[in-house]
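Topology and contacts: notes
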Amino acid sequence: MGIRLFNAKRIVRRILLSPETSSIVPKGHFVVYVGETLKRFVVPISYLKNPSFQKLLSHIEEEYGFNHPMGGLTIPCSEEVFTSLTACD
């Protein structure tokens, strides 16, 4: 679990340092693109401590990898699933 959290932190750090997102994302947050329409969500970094969010990130990494050209993390689940997961925090 520590390795996965480290990978997630590394990815979020890369996203936050991206020139196209750093000026529009509040400190302590990162960008996530969700669903087929790639709806943009700005979520707190504290979500990385949420076991459900960690599990989702691990599944995405195994299935799709984290190399995305948009400068944010792409999560290929429905918006409804994502919002229900993040509403629990």
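This text follows the structure it describes.
Report follows, based on the coordinates. (Residues numbered from 1 in each chain as written. Predicted model: local features only at pLDDT ≥ 70, side-chain atom pairs only at ≥ 80, totals over all residues. Heavy atoms only, no water.)

Here we look at the sheet that holds strand 1 (residues 29-34)
- Read from one edge to the other, the open sheet built from 3 strands follows the order 2-1-3, with strand pairing classed as mixed. Edge positions in the sheet fall to strand 2 (39-44) and strand 3 (73-75), since each has one partner strand and no second. Taking each pair of neighbouring strands and ignoring which way they run, the sheet shows an average axis angle of 35 degrees.
- Contacting strand 1, strand 2 and strand 3, helix 3 (residues 79-87) runs over the sheet at an angle of about 10 degrees to strand 2. (Pairing = 2+ DSSP bridges. Helix = DSSP H or I, 4+ residues; strand = E, 2+ residues; numbered from the N terminus. Axes fitted to C-alpha atoms, helices over the stretch in contact; angles between N-to-C directions. Contact = heavy atoms within 4.5 Å.)

With respect to helix 3
- Burial in helix 3 covers these residues: Phe-82, Leu-85 and Thr-86. Seen along its axis, helix 3 keeps its buried residues to an arc of 90 degrees; they face one direction. In helix 3, those exposed residues whose orientation departs by more than 90 degrees from the buried face are Glu-80 and Ala-87.
- Looking at the buried positions of helix 3, the neighbouring elements they touch are strand 1, strand 2, helix 2 (51-64) and strand 3. (Buried < 20%, exposed > 50% of the residue type's maximum accessible area, 1.4 Å probe, protein only. Arc of directions from axis to C-beta.)

Concerning the nonpolar core
- By size, the foremost hydrophobic cluster in this structure holds 16 residues, and its most contacted members are Phe-30, Val-32, Val-34, Val-43, Phe-53, Ile-75 and Phe-82.
- Where this core is concerned, the elements lending two or more residues are strand 1, strand 2, helix 2, strand 3 and helix 3.
- For this core, the leading source of residues is helix 2, giving 4 residues.
- The contacts of Phe-53, once residues within four sequence positions are left out, are Phe-30, Tyr-47, Leu-48, Phe-82 and Leu-85. (Core = buried A, V, L, I, M, F, W, Y, C linked by side-chain atoms within 4.5 Å.)

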